[in-house]
Amino acid sequence: AHEASETVACSTVSTGYQGDIEVTCNAGTLAADASACLPKGCAASDPAEKVSLGSDGTTTEDVAPPGAMASGTTRQLECSAYNADFTGTMVAGCSFGVFTVDG
């Protein structure tokens, strides 16, 4: 019987996932095991999001992930950490490797 296997990155199938898919072919039957594919998180080194501060939206600041964040998590950030003229909080989130901020 003919048997072969190959490992393919989960991100080639869906960019929001990390890990590997094990693809096997056995006697003409193709099977894929994607159990190691997990939602991609966000890293502190990911690109910053441009965020408008204040009610008039004329002040913008670059806000990057505040460290590693798992997909589906959120963190509250102090606006004053990015601009001392502002108070309050904003919510940073990570979903399938995409970092977002809601002011």
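Anything mentioned here points back to the structure above.
Residues numbered from 1 in each chain as written. Predicted model: local features only at pLDDT ≥ 70, side-chain atom pairs only at ≥ 80, totals over all residues. Heavy atoms only, no water.

## Details of the environment of Pro 65
You can see Pro 65 is positioned in the loop between strand S7 (59-63) and strand S8 (74-78). Residue classification places Pro 65 among the buried positions, given a relative accessible area of 5%. Measuring from C-alpha to C-alpha, the distance between Pro 65 and Asp 102 comes to 13 Å, with 37 residues separating the pair along the chain. Excluding its chain neighbours within four sequence positions, the residues that come into contact with Pro 65 are Ala 43, Ala 44, Asp 46, Pro 47 and Phe 99. (Helix = DSSP H or I, 4+ residues; strand = E, 2+ residues; numbered from the N terminus. Buried < 20%, exposed > 50% of the residue type's maximum accessible area, 1.4 Å probe, protein only. Contact = heavy atoms within 4.5 Å.)

## Focus on the packing of aromatic side chains
Aromatic rings considered in pairs are described by the distance between their centres and by the relative angle of their planes. Counting across every chain of the model gives one aromatic pair. With 5.3 Å between their ring centres and 55 degrees between their planes, Tyr 17 and Phe 96 make a pair best called tilted. Of this pair, Tyr 17 sits in strand S2 (residues 17-18) while Phe 96 sits in the loop between strand S9 (89-95) and strand S10 (98-102); the two residues are 79 residues apart in sequence, bridging distant segments of the chain. Overall, the relative accessible area of 37% leaves Phe 96 in the partly exposed class. (Phe/Tyr/Trp six-rings, centres within 6.5 Å; stacked < 30°, edge-to-face > 60°.)

## Overview of the sheet that holds strand S4 (residues 29-33)
Spatially, S1-S3-S4 is the arrangement adopted by the three strands of the open sheet, whose pairing is antiparallel. Looking at the sheet topology across the chains shown, the edges are occupied by strand S1 (3-9) and S4. The mean inter-strand angle of the sheet, taken between neighbouring strand axes irrespective of direction, is 20 degrees. (Pairing = 2+ DSSP bridges. Axes fitted to C-alpha atoms, helices over the stretch in contact; angles between N-to-C directions.)

## What about unusual backbone geometry?
Despite not being glycine, Ala 27 has its phi angle at roughly 55 degrees, a positive value. Structurally, the position occupied by Ala 27 is in the loop between strand S3 (20-26) and S4. Not every positive phi belongs to a glycine, and Phe 96 is a case in point at roughly 50 degrees.

## Considering the state of the cysteines
According to the stated counting rule, one finds two disulfides in the structure shown. In this model Cys 10 forms its disulfide with Cys 37; the gap between the sulfur atoms is 1.9 Å. Judged by the torsion about the S-S bond (-85 degrees), the Cys 10/Cys 37 disulfide is left-handed. Residue Cys 10 is found in the loop between S1 and S2, and its partner Cys 37 is found in the loop between S4 and strand S5 (38-39); the two are separated by 27 residues along the sequence. By relative accessible area, which is 2% here, Cys 10 ends up buried. According to the relative accessible area criterion, Cys 37 is buried, its value standing at 17%. When the bonded cysteines of the protein are counted from the start of the sequence, the pairing works out to 1-2, 3-4. A disulfide-free cysteine, Cys 25 has its sulfur positioned 19 Å from the sulfur of Cys 37, the nearest such atom. (Disulfide = S-S within 2.5 Å.)

By themselves, these are just geometric observations and shouldn't be taken as functional.
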